[in-house]
Amino acid sequence: MTQDELKQAVARAARDYVADRLPVGDILGVGTGSTANFFIDEIAAIKGRIGGTVASSEATAKRLQGHGIRVLDLNDVDAMGIYVDGADEIDHGMAMVKGGGGALTREKIVAAVAETFVCICDASKRVAVMGRFPLPVEVIPMARAHVTRELAKLGGTPKLREGMVTDNGNLIIDVHGLSITDPAGLEARINQIVGVVTNGLFAERGADLLLLATEGGVQTCVR
């Protein structure tokens, strides 16, 4: 199977999970990225049972609206049963690296509100130790140089993501060459750097459920 075929398969599995588990009329959180896009296309078939969605990026909101799916502001939502999103890496403790698409801050906010975080990805994203994929860090523009110096002290190589401005008007610094053996500890440490908005480690609030697309079918893993 091609990677797109794997993404399609896991998107269908996530659609079925939502159809089975999300009460009719409830709110669904929707992530950002290529796998999330497949999921958005799939839930168009069940949009009548979804009360509304909260999008983790402007791009996701536009794609949802293109299917006629209602998009709500998170501030108008009291509760959210399920949030579905992909990952750039996920370890066996269900901690993730996210933010390859630059939407990590909004993704982290939506995930914090959701009762259940469902991660959807293909088997190439499952790793024993995260760090092969560069760790994204969203940064206030005036703090770029300071944050870069502080991130270098962690042992990786920080590089500004050229031409990238987030939906929040900030910059992304990608930290290459890390070996992330303590995801929660590193997440907290980076977030303490002045000028950092947040980083792409989702360890404090990891996935509750992983739908993993493999050549043999979609596997379900629970934290």
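The model shown is predicted, which means the values in this text are computed figures rather than measured ones. (Residues numbered from 1 in each chain as written. Predicted model: local features only at pLDDT ≥ 70, side-chain atom pairs only at ≥ 80, totals over all residues. Heavy atoms only, no water.)

A. Spotlight on the packing of helix α1 (residues 3-21) against helix α2 (residues 34-43). One way to put it is that α1 packs onto α2 with a least axis distance of 8 Å and a crossing angle of 50°. As far as their axial angle goes, α2 and α1 are oblique. Once α1 is placed against α2, the crossing between them reads as right-handed. Between α1 and α2, the residues in contact are D4, K7, Q8, V10, A11, R12, A14, R15 and V18 and S34, T35, F38, F39, E42 and I43, respectively. In the contact of α1 with α2, the residues fall into seven nonpolar, three polar and five charged. (Axes fitted to C-alpha atoms, helices over the stretch in contact; angles between N-to-C directions. Helix = DSSP H or I, 4+ residues; strand = E, 2+ residues; numbered from the N terminus. Parallel < 35°, antiparallel > 145°, perpendicular 65-115°, else oblique. Left-handed = near helix turned anticlockwise from the far one by under 90°. Contact = heavy atoms within 4.5 Å. Nonpolar A, V, L, I, M, F, W, Y, C, P; charged D, E, K, R; others polar.)

B. Representation of the pairing of strand β7 (residues 135-139). The element β7 is largely enclosed, with a buried count of five among its five residues. In β7, alternate side chains face the same way, and those of L135, V137 and V139 on one face and P136 and E138 on the other are all buried. Where β7 meets strand β9 (residues 171-176), five bridges bridge the pair, whose relative direction is antiparallel. The residue bridging L135 from the neighbouring strand is V175, located in β9. Where β7 lies against strand β10 (residues 196-199), three bridges are found, and the strand directions are antiparallel. The residue of β10 that forms the bridge with V137 is N199. (Buried < 20%, exposed > 50% of the residue type's maximum accessible area, 1.4 Å probe, protein only. Pairing = 2+ DSSP bridges.)

C. Structural view of the sheet that holds strand β4 (residues 89-90). With respect to topology, three strands assemble into an open sheet ordered β4-β5-β11, the strand pairing being antiparallel. A strand with exactly one partner marks an edge of an open sheet, and here the two such strands are β4 and β11 (201-202). Bridge analysis of strand β5 (residues 96-97) against β11 gives two bridges, and the strand direction is antiparallel. Within the sheet, the bridge partner assigned to V97 lies in β11 and is L201.

No statement about biological role is implied by the geometric values presented.
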